[in-house]
Amino acid sequence: MIDQKAWKEEERDLAWRALQTRHLVQDAWIDFREQTFAFPDGTSFGPYYNYTRKNYAVILASDEEGRFLCVRQYRHGLRQVTCEFPAGGIEEEIEDPLSEEGRKTALAAAMRELSEETGYETADWSHLLTVPSAATMADNWAFLFRAKNCQRTTEPHLDATEFLKQKLLLPEDIDALIAQGGFQQAIHCMGWFLTERGKR
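Cut-off values and rules
Residues numbered from 1 in each chain as written. Predicted model: local features only at pLDDT ≥ 70, side-chain atom pairs only at ≥ 80, totals over all residues. Heavy atoms only, no water. Helix = DSSP H or I, 4+ residues; strand = E, 2+ residues; numbered from the N terminus. Expected span 1.5 Å × (residues − 1). Buried < 20%, exposed > 50% of the residue type's maximum accessible area, 1.4 Å probe, protein only. Phe/Tyr/Trp six-rings, centres within 6.5 Å; stacked < 30°, edge-to-face > 60°. Lys NZ or Arg CZ within 6 Å of the ring centre and 35° of its normal. Disulfide = S-S within 2.5 Å. Pairing = 2+ DSSP bridges. Axes fitted to C-alpha atoms, helices over the stretch in contact; angles between N-to-C directions.

K.L.:
How should helix α4 (residues 186–197) be read in this particular structure?
P.N.:
Since there are 3.6 residues in each turn of an α-helix, residues three or four apart along the chain are aligned in direction. Taking 1.5 Å of rise per residue, the twelve residues of α4 would be expected to cover 16 Å, and the 17 Å separating its terminal C-alpha atoms lies within 8% of that figure. Three or more residues of α4 are buried, namely Ile187, His188, Cys189, Gly191, Trp192 and Thr195.

K.L.:
Looking at this model, I keep getting lost on the packing of aromatic side chains. Mind explaining?
P.N.:
In this description, a pair of aromatic rings is defined by centroid distance and the angle of the planes. Tallied over the full model, the rule gives 13 aromatic pairs. Ring pairing ties together the aromatic residues Trp16, Phe37, Phe39, Phe45 and Tyr48, which thus form one cluster. Between the NZ or CZ atom of Lys54 and the centre of the ring of Trp29, over which it lies, the distance is 5.7 Å.

K.L.:
Quick question: what am I supposed to make of the state of the cysteines here?
P.N.:
By definition, a disulfide is the covalent link that joins the sulfur atoms of two cysteine residues. Within the structure shown, the criterion is met by zero disulfides. Between Cys70, a free cysteine, and Cys83, which holds the nearest cysteine sulfur, the sulfur-to-sulfur gap is 4.7 Å. Taking relative accessible area as the criterion, Cys70 reaches 2% and is therefore assigned buried. Counting only cysteine sulfurs, Cys83 is the nearest neighbor of Cys189, a cysteine outside any disulfide, at a range of 10.0 Å.

K.L.:
What should I look at first to understand the sheet that holds strand β1 (residues 17–26) in this one?
P.N.:
The pairing of strands in a sheet comes from backbone hydrogen bonds and takes either a parallel or an antiparallel form. The antiparallel open sheet is built from three strands, whose spatial order is β1-β2-β3. The sheet is open, and its two edges are formed by β1 and β3 (44–52), each paired on a single side. Averaged over all pairs of adjacent strands, the angle between their axes in this sheet comes to 25 degrees, without regard to strand direction. Relative to β3, strand β2 (residues 31–38) is paired through seven bridges, and the arrangement is antiparallel.

Given below as structure tokens:
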């Protein structure tokens, strides 16, 4: 068993301290920073670059026939059309991502996002994992949820910047896409492996 007290003491020994921060871009979408840090041994180094973006929810949703709801859309980072699970930013602030209150806020956003992006809804939700999105560069969190027995209840209501195609994929299709490099979002793949471990 992990000794929590020892881990906390070790955190104090390993933590860096920000000495200087310059905001390179700071708008409604991102706060991109250049920083200089003091290391635990008293030396300092910079620049390091990091950013703040919104937390987001990823929904591993399946219909009553066991087919998984996926979307194909263009991702400008890769400059490719990807296949992935429905996902979206969480507008509400979450003070403690690992708290029950944080999960509740994220779940409400996930339910809204699933309905808006796919037109599907369900009452059968479970939380898979809350994990830092990209700990080396960013301070936002990904909330992964499992949604079972989804039914189409309405037409999708997409944002002005969303252009996507829905797909209903069998588990073996997703396995094949991951193996071929055709399911490109790492956090989404992590959610899939957790779902597989839990027997979907």
